[in-house]
Amino acid sequence: MSIFVLGIDLGKNVCSLVGLDATGAVVLRRRLRRDGVADFVGKMEPCIVAMEACCGAHHLGRVLGARGHTIRLMAPEYVRPYVKANKNDDHDAEAIAEAATRPTMRFVPVKSEAQSDIQALHRARSRLVAERTALINHLRALLLERGIVVAQGRRKLEDVLGLFADEDDSRLSSRMRLLVEDLRAEWRSLDERIAAFDAEFVRMARDDEAARRLSTIPGIGVINATALVAAVGDAASFGRGRDLAAWLGLTPRQATTGGKPRLLGISKRGNRYLRANLIHGARAVLPRIMAQDTPLGRWARGLLERAHKNIVVVALAAKLARIVWAMLRKERSFDPAIAAA
């Protein structure tokens, strides 16, 4: 039995395996527990091992790649059209194997362990930031229920909460004052944990050459630099800068028919965390870029004359993604003189 491509449908506990020969015929169907997949596939002759890029796929890809197999990871939405008849685990594994043989299929590079570690840190920080935002909204709601309206901004809320430490303030009851103090302590704890992650990212950006170069780009900084290095890895996997911007969902969706192109809003594909951070960075740095007499500044000013500011922000984020690709691919530093080229 000669297997050319092996499709693996990863499950939480049980995985389905389907092997195809060189003609595309099914020669193997097997169900294994997840912890037994590596041993079973590791004993096979080297072949193409295809999986969906889901949780655990990169780890298994590293393990099987070290044993001589060729790993091909694909986005689940690209595999879905190859599922025949009713959907089940065996059909999914067969569809994965068939999709991996298509010459136009797009594959996801296997993340190294270091990249996976950095992404895990970013996810943990993102969760803490979300918890802090929910806590701040909770505090605002508690005050609003008692007729106290606080202006926007974390600092203004902190200033107002500091006033309630005075026991003579009658706007809050003694029990509510204790509750607010408990929530403020939780808020301070979240700030400390987020600051610890930020300090770790600063050390990473200082030690990693690629992240250090990317952090010099206006609007990137150490958070975006480390996240991009972890997510993109080898920039050679993207043929051009626009491919990276499209992968991040920063390029327009198309609705072309009859040869008449129509561009819509951004596609919002890919990594939501990276896309949001790039847009926030572009929004923060846009005034400074527009004030500079550089090609990038002239480009931004010209675009703002004919488009809404939000459109300019997203376009600048896409431009930053292209600059990131060029710097990673060519291993060069940021040059404002050619940034808009």
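All values reported here derive from a predicted model rather than from experimental measurement. (Residues numbered from 1 in each chain as written. Predicted model: local features only at pLDDT ≥ 70, side-chain atom pairs only at ≥ 80, totals over all residues. Heavy atoms only, no water.)

1. Comments concerning the sheet that holds strand β2 (residues 14-20)
To keep it simple, the criterion reads: At least two bridges found by DSSP between two strands is the condition for calling them paired. The way it works is that DSSP assigns letters per residue, a run of H or I at least four long becomes a helix, a run of E at least two long becomes a strand, and they are numbered from the N terminus. Where helices are involved, their axes are fitted lines through C-alpha atoms of the stretch in contact, as for all axes, and angles between N-to-C directions lie from 0 to 180°. Residues are treated as being in contact if the distance between any of their heavy atoms lies within 4.5 Å.
With mixed pairing, the five strands of this open sheet are ordered in space as β3-β2-β1-β4-β5. Lying at the two open borders of the sheet, with one neighbouring strand each, are β3 (26-33) and β5 (70-74). Between one strand axis and the next, the sheet turns through 20 degrees on average, direction left out of account. For strand β4 (residues 48-52) and β5, the ladder comprises five bridges, and the chain directions are parallel. When the sheet's bridge partners are listed, V49 is paired in β5 with I71. Along the sheet, helix α1 (residues 34-42) makes contact with β1 (5-9), β2, β3 and β4, crossing β3 at roughly 135 degrees.

2. Brief notes about the packing of helix α5 (residues 113-144) against helix α6 (residues 154-163)
As a reminder of what qualifies: Oblique is the label for any angle not covered by the other classes, which are roughly parallel (under 35 degrees), roughly antiparallel (over 145) and roughly perpendicular (65 to 115). Crossings are classed by handedness, with left-handed meaning an anticlockwise turn of the near helix from the far one by less than a right angle and right-handed meaning a clockwise turn. In this classification, the charged set is Asp, Glu, Lys and Arg, the nonpolar set is Ala, Val, Leu, Ile, Met, Phe, Trp, Tyr, Cys and Pro, and all remaining amino acids, among them Gly, are polar.
Contact geometry of α5 with α6 gives a least axis separation of 12 Å together with a crossing angle of 50 degrees. If you check the angle between α5 and α6, you find them oblique. When you trace α5 past α6, the crossing you get is left-handed. Two secondary-structure elements touch here, α5 through R132, I136, L139, R140 and L143 and α6 through R154, L157, V160 and L161. Considered class by class, the residues forming the contact of α5 with α6 number six nonpolar, no polar and three charged.

3. Things to note about the pattern of salt bridges
Oppositely charged side chains are able to pair whenever their charged atoms sit close together. Rules: Just to be clear on terms, a salt bridge is a Lys or Arg side-chain nitrogen sitting within 4 Å of an Asp or Glu carboxyl oxygen. Under the scheme applied here, a residue whose accessible area is under 20% of the maximum for its type counts as buried, over 50% as exposed, and between as partly exposed, the area being computed with a 1.4 Å probe on protein chains only.
Under the definition given, this model contains 15 salt bridges. D198 is the partner of R125 in a salt bridge, and the nearest nitrogen-oxygen pair spans 2.6 Å. You can see R125 sitting in helix α5 and its partner D198 sitting in helix α7 (residues 174-207), a full 73 residues away along the chain. Overall, D198 belongs to the partly exposed group, its relative accessible area being 24%.

4. A look at unusual backbone geometry
Even without being glycine, K268 reaches a positive phi, approximately 60 degrees. Mapped onto the secondary structure, K268 falls in the loop between β7 (263-266) and α11 (272-290). Its relative accessible area of 58% is what places K268 among the exposed residues.

5. What to know about the pairing of β2
Side-chain positions along a regular strand alternate between the two faces of the sheet. For β2, the tally of buried residues reaches six of seven residues, placing the bulk of the element in the interior. Pairing between β1 and β2: five bridges, direction antiparallel. Paired with G7 across the bridge in β2 is V18. Linking β1 back to β2 in an antiparallel pair, the connection comprises four residues. Across seven bridges, the pairing between β2 and β3 is antiparallel. Bridge pairing in β3 links V14 to R33. With antiparallel pairing between neighbouring strands as the criterion, β2 and β3 make up a hairpin whose turn holds five residues, including G24 at a positive phi of roughly 95 degrees.

6. What about the layout of surface pockets?
The line we're drawing: Grid spacing is 1 Å over the protein atoms alone, the probe is 1.4 Å, and a cavity is where that probe fits but cannot get out, while a pocket is an open set with protein on both sides within 12 Å along at least five of seven lines and lining residues have an atom within 4 Å of a point. Grid points are joined across faces, edges and corners, and a volume is the space filled by probe spheres set on the points.
What the largest pocket holds in volume is close to 1,400 Å³. The wall of the largest pocket is formed by 45 residues, among which V108, F238, W247, G270 and N271 lie closest to the centre. The set of elements that each furnish at least two residues to the lining of the largest pocket consists of α2 (57-65), α3 (76-79), α5, α9 (221-232), α10 (241-247), β6 (252-254) and α11.

7. Overview of the environment of L316
Considering the arrangement of structural elements, one finds L316 in helix α13 (residues 309-330). Note: C-alpha distance between L316 and R155 (161 residues apart in sequence) is 29 Å. Among residues more than four places away in sequence, those in contact with L316 are A282, V285, L286, I289, L296 and W299.

8. Quick word on the nonpolar core
Here is the rule we go by: Nonpolar cores are built from buried Ala, Val, Leu, Ile, Met, Phe, Trp, Tyr and Cys residues. Side-chain atoms within 4.5 Å join them into one set.
Grouped together as the largest cluster of nonpolar side chains are 42 residues, with contacts concentrated most on L214, I217, I220 and L250. Going through the elements one at a time, α8 (209-214), α9, α10, α11, α12 (295-304) and α13 are the ones with two or more residues in this core. Among the elements that line this core, the one with the most residues is α13, at 13 residues. Those residues in contact with I217 that lie beyond four places of it in its chain are L320, I323, V324, M327 and F334. Counting residues in each nonpolar core, the second largest holds 23 residues, with L142, L143, L157 and V180 among its members.

9. Quick look at the packing of aromatic side chains
Note the cut-off: Planes of paired rings set the category: under 30 degrees apart is stacked, over 60 is edge-to-face and the rest tilted, where pairs are Phe, Tyr or Trp rings (Trp by its six-membered ring) whose centres lie within 6.5 Å. A ring is scored as having a charge over it whenever the NZ atom of a lysine or the CZ atom of an arginine sits within 6 Å of its centre and within 35 degrees of its normal.
Tallying each qualifying case throughout the model produces one aromatic pair. Here F238 and W247 contribute two aromatic rings whose centre-to-centre distance is 5.4 Å and whose plane-to-plane angle is 55 degrees, an arrangement assigned as tilted. A cation over an aromatic ring shows up here: K319 above the ring of W299, its NZ or CZ 4.7 Å from the ring centre.

10. Digging into the side chain of Q119
Secondary-structure assignment places Q119 in helix α5. In this structure Q119 comes out as buried when scored by relative accessible area, which is 15%. Non-local contacts of Q119, meaning those with residues more than four positions away in its chain, are made with K111, A230 and A231.

11. Description of the environment of R155
The condition is simple: Two N or O atoms form a polar contact when they lie within 3.5 Å of each other; inside protein one atom must be a possible hydrogen donor and the other a possible acceptor, and for residues adjacent in sequence the pair counts only when both atoms belong to side chains.
In this fold, R155 is placed in helix α6. On the basis of relative accessible area, R155 is assigned to the exposed category, the value being 53%. Polar contacts involving the side chain of R155 include one to the side chain of E158, which spans 3.0 Å.

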